[in-house]
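# Descriptive structure summary
Here is how the chains run, residue by residue.
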2 protein chains.
Amino acid sequence: MIDTVILPLLRQEMRNELELRVGKLQTLMKEESFDGVLIGANVNLFYLSGTIFRGNVYVPKSGEPLYFLISPSISCQKGCVAVRKPEQIASVLMENGQEPPSRLGLEFADMTYSDISRLKACFPNAEYGDVSPLLRKSRSIKTAYEISRMREDGIKHSAVYSMIDKCYRENMTDLEFQIEIERLLRLEGCLGLLRAAGSRMELNLGSLLNGDNADVPSPYDFTMGGRGCDPALPVGADGMTMMPGTTVMIDMNGCFNGYQTDMTRCRMIGDVPELAKKAHECSRRILRSLEKIGVPGTEVSLLYTTAVDIAREEGLHEYFMGHKHKVGFIGHGIGIELNEMPVIMERNNSLLQENMTIAIEPKFVIPHVGAVGVENTYRVTSGGLENLTTFNEEMISLGEGVKE
Amino acid sequence: MIDTVILPLLRQEMRNELELRVGKLQTLMKEESFDGVLIGANVNLFYLSGTIFRGNVYVPKSGEPLYFLISPSISCQKGCVAVRKPEQIASVLMENGQEPPSRLGLEFADMTYSDISRLKACFPNAEYGDVSPLLRKSRSIKTAYEISRMREDGIKHSAVYSMIDKCYRENMTDLEFQIEIERLLRLEGCLGLLRAAGSRMELNLGSLLNGDNADVPSPYDFTMGGRGCDPALPVGADGMTMMPGTTVMIDMNGCFNGYQTDMTRCRMIGDVPELAKKAHECSRRILRSLEKIGVPGTEVSLLYTTAVDIAREEGLHEYFMGHKHKVGFIGHGIGIELNEMPVIMERNNSLLQENMTIAIEPKFVIPHVGAVGVENTYRVTSGGLENLTTFNEEMISLGEGVKE
C-alpha cells in the first residue's frame with residue numbers, strides 16, 4: 001500500500017511543498033475564524049496530500065494536518081491515522097491532542113449533501129462554514145512546484161499539438177480527427193481525466209469543433225458548445241465530415257500529472273473566408289495586449305473589457321465569444337481543476353496576483369465557417385503574462401496543403 | 001437550440017418512454033409521501049428527459065412533469081418553461097396550477113451541499129427528504145427501451161473486444177495496449193464518459209491490469225485496483241512492459257449512448273501457470289451457475305454466497321475478489337451509471353426483479369501472474385440471467401501465438 005498513499009508524504013521535497021500549501025490555507029482560515037477544516041473531496045485531497053486516497057484530511061488552525069486513511073490506504077506513517085469510517089475522526093482528533101473545533105470548515109461546493117451531512121454529524125457541537133471558497137483561493141496562486149508541473153503539462157501539450165496535422169486525412173469526420181489526437185495525447189502521458197468544479201463540466205478528452213457545429217449551444221459551462229454525438233453528452237464534435245471552407249477548433253485535454261494546461265489552436269480545411277482569418281488574428285492581438293497588462297494588481301475585469309474593446313474596434317463583436325449564444329467570460333483560472341479562480345469576466349473586480357495561472361481564450365464563431373481563436377495558459381508575473389503553452393498559433397491549412 | 005434539449009421530448013416514442021419513467025417514480029414517491037421532487041443532477045436529468053440540459057425537472061405526485069430550462073436551453077415546448085435561475089421555480093409552479101409541495105424530494109446523494117441548499121431556499125416552507133434512493137430504485141429496473149440501448153452497447157462493446165488481439169505487439173506496455181483499445185472503442189462510438197455515483201469512481205476510459213499491478217489496492221470503489229501512471233489518478237495501468245507469464249485483464253468503458261455495459265475479458269502474455277488458468281475457468285463456472293439462479297425473486301445475497309462457495313470449493317478463495325486487498329462485492333447494477341442498484345454482496349437481502357441489469361465480475365488475483373476472470377452485463381429474466389455481452393470468454397494467448 002506504500003506505493004499509493006504514502007509515497008508523496010514520505011518524500012521530503014513533497015513534505016515541504018505540502019507544508020507550504022497547508023500554511024496558505026491556515027492563513028485564510030484565520031481570516032474566516034475556522035478552528036479546523038475537514039477535507040474529503042478528491043481535488044482538495046490531492047492538493048493537501050499529493051495523491052488521491054480514501055479518507056479525509058483535518059487541518060487545524062495551526063500546527064500539522066492529520067491524515068485519516070480508510071482501508072485500503074492503511075498507513076502508520078507520521079501524521080497518518082487509520083480509521084474505519086469518518087465517525088471515528090472526532091475521537092481520534094482528541095486522542096492526538098487536538099481540541100474539537102468550535103467552528104469547522106467543510107467543502108459545501110465540492111461534496112454531496114449526503115457526504116457533508118455525514119461529516120457534520122461527526123461534530124454535533126460545532127458551528128459549520130463553507131471552506132470551498134478558501135481552498136479555491138489558496139489553490140488559485142500556485143507554488144513554484146505547482147508551476148513546474150504546469151510547465152511540464154504545457155511542454156507535453158505542445159508536443160502533441162505539433163503532431164496534430166499528421167493525423168488529418170481528407171473526408172475525415174471531426175470525431176475521427178479528435179480520436180487520433182486523443183491517442184497522441186494519451187501516448188504522451190495525458191491521464192485522460194477532466195477534473196472540474198460543478199456539475200456543468202462533463203466532457204471526455206476534449207472539444208474539437210468543426211464548421212457550424214461550433215454555433216450550437218451546449219448546456220455545459222465551456223466557452224464553446226457543439227452538438228455532440230449523442231443526446232447523452234450534448235457537447236463537442238458531432239461526427240460530421242469536415243468540409244473544405246470550414247475551420248476546426250482543437251481544444252483538447254492537457255492533464256498529464258494532476259495539473260493541467262488549457263490550449264486551443266485552429267486549422268482551416270482548405271481555405272476559408274477572410275473574415276475568419278481576420279477574427280483568428282484578432283484573437284492573437286487580444287492575447288498580445290492582455291499579456292502586457294496581465295500583471296499583479298491588474299483588475300481581472302480589465303482583461304475582459306480590453307478583449308471586448310479590441311473585438312469591437314475590429315468590427316468583430318457580433319462573433320466574439322459565440323454567435324447564436326454568447327458566454328460572459330473570456331478565460332478562467334486553471335490548475336488541479338479546469339475551472340479555477342479567477343473567472344475572467346466583467347463583474348470580477350478582484351486583482352491578479354503573482355503566480356496565478358489563467359487560461360485566456362478569446363474565440364469567435366463565424367457562421368457557416370466555424371470557430372477561430374487561440375487559447376493559452378499563462379502564469380501571472382510582474383513582467384506580464386508568461387505563456388506556458390507556447391506552440392505556434394497560426395491557423396494553417398489542412399487538406400491539400402498537407403503532405404506526409 | 002432545438003437540436004439539444006427539445007429533440008427527445010418532441011419525439012412521440014420518447015414521450016411515451018419518459019411517461020413510463022415518470023410514472024414509476026411517482027409510484028415510489030407515494031410510498032414516501034413526497035408531494036413533488038425537484039431534479040438537477042445530470043444522471044437523473046438524462047433519465048427524465050432523454051438528454052442533458054441546464055435546468056431542473058419538477059415531478060409532482062401526479063400529472064405531468066415540468067421542465068425548467070435555463071438558457072442556452074430555451075424552449076417554449078409543451079411542458080417546458082424558460083427560467084433564468086432556480087429561484088423562479090416556485091412561482092412558476094404556482095402559475096402553472098401546481099400547489100407548492102409540502103414535502104419535497106431533492107437528490108441529497110447526487111448534488112453538492114451548496115446546490116441542494118440553494119434549491120431548499122426556493123421552497124422555504126417545505127419539508128425535505130432525500131429522493132436519490134427512489135431514483136436509484138426506479139432506474140434499477142429498466143424499461144424495454146432502456147434494455148434495447150444496453151443491448152446496443154453490448155453489441156458494440158463486443159465488436160471492439162473482437163479486435164483487441166490485433167492491437168497487441170510484443171514488449172508493449174499495459175498503457176500502450178490500453179490506448180489502442182481506447183481508440184477502437186471511440187471509433188465504434190464509445191462516448192468516453194464514465195458516469196458513476198459517489199466520489200470514489202474516477203477513471204478515464206477503463207481499467208487494464210497486467211501482472212502484479214492487479215494486486216495493488218486503489219482508493220477507488222472498483223473491484224480491482226492498480227497503481228495507475230501518476231499519483232493524481234492511482235488506479236489502473238501503470239505503464240510497465242507486459243512480460244511473458246502474466247495475464248492482462250481488460251475492463252474498458254462500454255458507454256455508447258448514455259447507457260453502458262460492463263465487460264471484462266483476459267489474455268495471457270505467452271503462457272501462464274495452471275493456477276491462473278484454473279481460476280479463470282472457475283470464474284466462468286461461477287457465471288454459469290449464477291446465470292441459472294438469477295431469476296426474479298432470488299435474494300441478491302445468494303448470488304454472492306454462491307460465487308464465494310464455488311471459489312472456496314475449488315481451493316481458490318484466497319485469490320477471490322482480490323488477494324492483498326479483497327472487496328466485498330462481486331457485481332453491481334448498471335445503466336446510466338456504472339454503479340447502480342443492486343450491489344451484489346452478502347448483506348444485500350433485496351430480491352432480484354425482472355429487467356434489472358447487473359454486471360457480475362467474479363475475479364481472482366494470482367500473485368506474480370495477474371488478474372483473471374470474466375465480467376458480463378446481464379438482464380434478469382424469468383428464465384435466468386440473459387447475457388448482453390456475449391463475446392467469447394476464453395483466456396487466449398497474446399504474443400507468440402498471435403498472427404496478423
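For the structure itself, consult the block above.
Counting restarts for each chain, with residues numbered from 1 along the sequence as it is written. Whichever chain is written first becomes A and whichever ligand is written first becomes 1, with later ones labelled in order. Whole-chain, interface and lining totals are the exception, using all residues; otherwise, since this is a predicted model, local features are given only for residues with pLDDT of at least 70 and side-chain atom pairs are given and counted only at 80 or more. Side-chain metrics rest on all non-hydrogen atoms present in the structure, leaving aside hydrogens and water.

## Observations concerning the packing of aromatic side chains
- The aromatic pairing rule takes the rings of Phe, Tyr and Trp, using the six-membered ring of Trp, and pairs them if the centres are within 6.5 Å, calling planes under 30 degrees apart stacked, those over 60 edge-to-face and the rest tilted. Tallied over the full model, the rule gives 13 aromatic pairs over all chains.
- Plain terms: the ring middles of Phe46 of chain A and Tyr259 of chain A are 6.0 Å apart, the flat faces sit at 50° to each other, and that makes the pair tilted. With a gap of 213 residues between them, Phe46 of chain A in helix 3 (residues 42-49) and Tyr259 of chain A in the loop between strand 8 (247-252) and strand 9 (264-269) connect regions that are remote in the sequence. Neither Phe46 of chain A nor Tyr259 of chain A differs from the other in exposure class; each is buried.
- Ring centres of Phe108 of chain A and Tyr113 of chain B lie 4.3 Å apart, and the angle between their planes is 40°; on these two criteria the pair is classed as tilted. One end of the pair, Phe108 of chain A, is in the loop between strand 5 (103-106) and helix 5 (113-122); the other, Tyr113 of chain B, is in helix 5 (residues 113-122), on a second chain. Summarising the burial analysis for this pair, Phe108 of chain A and Tyr113 of chain B share the class buried. Helix and strand assignments come from DSSP, with helices taken as H or I runs of at least 4 residues and strands as E runs of at least 2, each series counted from the N terminus. Relative accessibility decides the category of a residue: with a 1.4 Å probe and only protein chains considered, values under 20% of the type maximum give buried, values over 50% give exposed, and everything between is partly exposed.

## Some remarks on the relation of the copies chain A and chain B
- Once chain A is rotated about the relating axis by 180° and shifted along it by 0.0 Å, it coincides with chain B to within an RMSD of 0.0 Å. In symmetry terms, the pair is related by a two-fold rotation axis.
- The overlap is high: 97% of the interface residues of chain A also sit at the interface in chain B, so the same surface is used on both sides. A residue counts toward the fit only if its pLDDT is at least 70 in both copies, and the copies are then superposed by least squares on the C-alpha atoms of those residues. By definition in these notes, contact holds between two residues if any of their heavy atoms fall within 4.5 Å.

## A closer look at the pairing of strand 6 (residues 127-130) of chain A
All names here are of chain A.
- Strands qualify as paired when DSSP identifies two bridges or more between them. Across four bridges, strand 5 lies against strand 6 in parallel orientation. Of the residues in strand 6, the one forming a bridge with Arg103 is Glu127.
- What joins strand 5 to strand 6 is helix 5, and the crossover it makes is right-handed. Seen with its strands pointing away from the viewer, a crossover is right-handed if its path from the first strand over the helix to the second goes clockwise.

## Looking at the nonpolar core
- Throughout this description, the term nonpolar core refers to a set of buried Ala, Val, Leu, Ile, Met, Phe, Trp, Tyr and Cys residues connected via side-chain atoms within 4.5 Å. Counting 84 residues, the largest nonpolar core has Leu48 of chain A together with Leu48 of chain B as the members making the most contacts within it.
- Excluding residues that lie within four positions of it along the chain, Leu48 of chain B makes contacts with Leu18, Val22, Leu25, Ile39, Val57, Val59, Tyr67 and Leu135 of chain B.

## Details of empty space enclosed by the protein
- Detection works on a 1 Å grid of protein atoms alone, calling trapped sets that fit a 1.4 Å probe cavities and calling open sets with protein on both sides within 12 Å along at least five of seven lines pockets, with lining residues defined by an atom within 4 Å of a point. Grid points are joined across faces, edges and corners, and a volume is the space filled by probe spheres set on the points. Here the structure, examined in full by the defined rule, presents two cavities of 30 Å³ or more.
- In this structure, the largest cavity spans a volume of roughly 130 Å³.
- What lines the largest cavity is a set of 15 residues, and nearest its centre among them are Arg186 of chain A together with Asn204, Cys229, Val235 and Ala237 of chain B.
- One number sums up the size of the second largest cavity: a volume of about 90 Å³.
- Considering the residues around the second largest cavity, the lining is formed by Ile179, Glu182, Arg183, Arg186, Asn204 and Leu205 of chain A together with Ile179, Glu182, Arg183, Arg186 and Leu205 of chain B.
- Among the elements of the structure, helix 8 (174-188) of chain A together with helix 8 (174-188) of chain B are those that each provide at least two residues to the lining of the second largest cavity.
- Classifying every residue of the lining of the second largest cavity gives four nonpolar, one polar and six charged. Throughout, the ten residues Ala, Val, Leu, Ile, Met, Phe, Trp, Tyr, Cys and Pro are labelled nonpolar, Asp, Glu, Lys and Arg are labelled charged, and all others, Gly among them, are labelled polar.

## A look at the state of the cysteines
All names here are of chain A.
- Two cysteine sulfur atoms form a disulfide, by the criterion used here, when they sit within 2.5 Å. Taken as a whole and judged by the stated rule, the model has zero disulfides over all chains.
- In this structure Cys122 is a free cysteine whose sulfur lies 19 Å from that of Cys80, the closest cysteine sulfur available.
- On the basis of relative accessible area, Cys122 is assigned to the buried category, the value being 11%.
- There is no disulfide at Cys266, and the cysteine sulfur nearest it, in Cys282, is 13 Å away.

## Points about the sheet that holds strand 8 (residues 247-252) of chain B
Residues and elements named next belong to chain B.
- Across the sheet, which stays open at both edges, the four strands sit in the order 7-8-9-17 with mixed pairing between neighbours. Looking at the sheet topology across the chains shown, the edges are occupied by strand 7 (206-210) and strand 17 (397-398).
- With two bridges joining them, strand 9 (residues 264-269) and strand 17 adopt parallel strand pairing. By the bridge assignment, Met268 is partnered in strand 17 with Ser397.

## Regarding the packing of helix 7 (residues 144-161) of chain B against helix 8 of chain B
All names here are of chain B.
- Between N-to-C directions, angles cover 0 to 180 degrees, with each direction set by a line fitted to C-alpha atoms, over the stretch in contact for helices. As a packed pair, helix 7 and helix 8 sit with axes 9 Å apart at the nearest point and diverge in direction by 140°. One way to sum up the angle between helix 7 and helix 8 is to call them oblique. By crossing handedness, the relation of helix 7 to helix 8 is classed as right-handed. Contacts between helix 7 and helix 8 involve Lys156, His157, Ala159 and Val160 on the former and, on the latter, Ile181, Leu184, Leu185 and Glu188.
- Within the contact of helix 7 with helix 8, the residues separate by chemical class into five nonpolar, one polar and two charged. The cut-offs work like this: below 35 degrees is roughly parallel, past 145 is roughly antiparallel, 65 to 115 is roughly perpendicular, and the gaps in between are oblique. Crossings are sorted by hand: turned counterclockwise from the far helix by less than a right angle, the near helix makes the crossing left-handed, and turned clockwise it makes it right-handed.

## Describing the sheet that holds strand 11 (residues 340-345) of chain B
All names here are of chain B.
- Ordered by their spatial adjacency, five strands build an open sheet running 11-10-12-15-16, and the pairing between neighbours is antiparallel. Of all the strands in the sheet, the pair left with one neighbour each is strand 11 and strand 16 (384-387). Along the sheet, successive strands turn relative to each other by an average axial angle of 30°, direction set aside.
- Taken together, the four bridges between strand 10 (residues 329-333) and strand 11 define a ladder with antiparallel strand orientation. Opposite Phe329, over in strand 11, you have Met345 as the bridge partner.
- Helix-sheet contacts for helix 6 (residues 132-140) involve strand 11 and strand 12 (357-360), and the interaxial angle to strand 11 is about 80°.
- Packed onto the sheet, helix 7 meets strand 12, strand 15 (376-381) and strand 16 and runs at close to 150° relative to strand 15.

## So, the pairing of strand 9 of chain B
Residues and elements named next belong to chain B.
- In terms of residue burial, strand 9 counts as a mostly covered element, since six of its six residues are buried.
- Side chains of strand 9 alternate between two faces, with Thr264, Cys266 and Met268 and Arg265, Arg267 and Ile269 buried alike.
- With five bridges joining them, strand 8 and strand 9 adopt antiparallel strand pairing. In the strand pairing of strand 9, Ile250 is matched with Arg265.

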